[in-house]
Amino acid sequence: MADQVLPQQARVVIIGGGVIGCSVAYHLGHLGWKDVVLLERHQLTAGTTWHAAGLMTTFGSTSSTQVEMRTYTRELWARLEEETGLSTGFDRLGFIELAADDDRVEEYRRVAAFNRLLGNDVEEISTDEIKRLFPLARVDDLKMGFHLPQDGRVNPVDATMSLAKGARQLGVTILEGVPVTGVSIKNRRATGVVTDRGEIEAEYVVNCAGMWARQL
């Protein structure tokens, strides 16, 4: 806000106060990086985060890194309210991946087996079970489904605000209404940012400007 003092230097400056920027701030805080500043040009979530779908599904990858990141995120949304007092809006509605031909069945069985290997339970379900779980579905052209009852959706704004509060509790500074107008460069590396209220020197600059990241 306008009454907050802009620091002259920080170890890390994060540009962008959407869910990604606030997640970076939150996790750096948990790693003990307290000299961290996040700058948002308007208000938190004002870019594209506020109208995101908020889907939280862990299915679809045979990369252990991706599966582990997805399952970590799912459990983060589930426990963050206890840490911050702010709900993420996480609702374990369940997720069903549909297979309409034999090739897709084979593909999804491999994905499901890989997920189960990593501890992420996936259930094969019949078309009758799909219909029971989701009565609006038309199942006459389907082979089967793959169900993850532990998946669901979050409220993107609530999740971001919870991350931001968690970051602040860990010593991260979050400043809204501070547009970044440029990045300082020395010897081909970022050394800080320029704002409409002055400059901040930084050891690291993290671009979390979302759909404006390339323009920035």
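Residues numbered from 1 in each chain as written. Predicted model: local features only at pLDDT ≥ 70, side-chain atom pairs only at ≥ 80, totals over all residues. Heavy atoms only, no water.

**Some remarks on the environment of Ile185**
- Tracing the chain through its elements places Ile185 in strand 9 (residues 180-186).
- Sequence-distant contacts of Ile185, that is, excluding residues within four places in its chain, are made with Ala190 and Thr191. (Helix = DSSP H or I, 4+ residues; strand = E, 2+ residues; numbered from the N terminus. Contact = heavy atoms within 4.5 Å.)

**A closer look at helix 2 (residues 64-84)**
- For helix 2, with 21 residues, the first-to-last C-alpha span of 29 Å sits near the 30 Å given by 1.5 Å per residue.
- Of all the bends in helix 2, the largest measures some 40° and sits at Ala78.
- Here helix 2 has its buried residues at Val67, Thr71, Arg74, Leu76, Trp77, Leu80 and Thr84.
- On its buried face, helix 2 is in contact with helix 1 (19-30), strand 3 (55-56), helix 3 (102-117) and helix 5 (156-169).
- Directly after helix 2, the chain includes Gly85, whose backbone phi takes a positive value near 80°. (Expected span 1.5 Å × (residues − 1). Bend = angle between axes of the 7 residues up to and from the residue. Buried < 20%, exposed > 50% of the residue type's maximum accessible area, 1.4 Å probe, protein only.)

**Focus on the sheet that holds strand 11 (residues 198-207)**
- Reading across the sheet, the 6 strands line up as 8-2-1-11-10-9 and stay open at both edges, with mixed pairing between neighbours. Edge positions in the sheet fall to strand 8 (173-176) and strand 9, since each of these pairs with one other strand and no more. Neighbour to neighbour, the strand axes of the sheet diverge by 40° on average, direction disregarded. (Pairing = 2+ DSSP bridges. Axes fitted to C-alpha atoms, helices over the stretch in contact; angles between N-to-C directions.)

**Here's the deal with the pattern of salt bridges**
- The final tally for this structure, using the stated rule, is 12 salt bridges.
- Close ionic contact of Asp151 with Arg74 constitutes a salt bridge, the shortest N to O distance being 2.7 Å. Highlighted residues: Asp151 in the loop between strand 6 (144-148) and strand 7 (152-153) and Arg74 in helix 2, separated in sequence by 77 residues. With respect to class, Asp151 is no different from Arg74; both count as buried.
- Between Glu124 and Arg109 there is a salt bridge, with its nearest N and O atoms 3.0 Å apart. With Glu124 in strand 5 (residues 123-125) and Arg109 in helix 3, the pair connects residues that are 15 residues apart, well separated along the chain.
- Assessed through its relative accessible area of 39%, Arg109 is described here as partly exposed.
- Sharing partners across several salt bridges, the network here consists of Arg74, Glu75, Arg92 and Asp151. (Salt bridge = Lys/Arg side-chain N within 4 Å of Asp/Glu carboxyl O.)

**Remarks on the packing of helix 2 against helix 5**
- One can describe the packing of helix 2 onto helix 5 by two numbers: an axis separation of 10 Å at closest approach and a directional angle of 50°. Here helix 5 runs oblique to helix 2, going by the angle between their axes. Between helix 2 and helix 5 lies a crossing of left-handed hand. Facing Leu76, Trp77, Leu80, Glu83 and Thr84 of helix 2, the residues of helix 5 in contact are Ala159, Ser162, Leu163, Lys165, Gly166 and Gln169.
- Residues belonging to the contact of helix 2 with helix 5 are distributed by class as follows: 5 nonpolar, 4 polar and 2 charged. (Parallel < 35°, antiparallel > 145°, perpendicular 65-115°, else oblique. Left-handed = near helix turned anticlockwise from the far one by under 90°. Nonpolar A, V, L, I, M, F, W, Y, C, P; charged D, E, K, R; others polar.)

**Digging into the sheet that holds strand 4 (residues 95-99)**
- In spatial order, the strands read 4-6-5; together these 3 strands make up an open sheet with antiparallel pairing. Of all strands in the sheet, those bounded by a partner on one side alone are strand 4 and strand 5. Going across the sheet, the axis of each strand differs from the next one's by a mean of 30°, ignoring polarity.
- Strand direction decides the pairing type here: strand 4 and strand 6, joined by 5 bridges, are antiparallel. If you follow Glu97 over to strand 6, its bridge partner there is Phe146.

**Focus: the nonpolar core**
- Counting residues in each nonpolar core, the largest one holds 22 residues, and the members touching the most others are Ile14, Leu38, Trp77, Leu163 and Ile174.
- Elements represented by at least two residues in this core include exactly strand 1 (9-15), helix 1, strand 2 (36-40), helix 2 and helix 5.
- Setting aside anything within four residues of it in sequence, one finds Leu163 in contact with Val19, Cys22, Ser23, Tyr26, Leu76, Trp77 and Leu80.
- Listed in part, the 12 residues of the second largest apolar core include Val13, Leu175, Val193 and Ile200. (Core = buried A, V, L, I, M, F, W, Y, C linked by side-chain atoms within 4.5 Å.)

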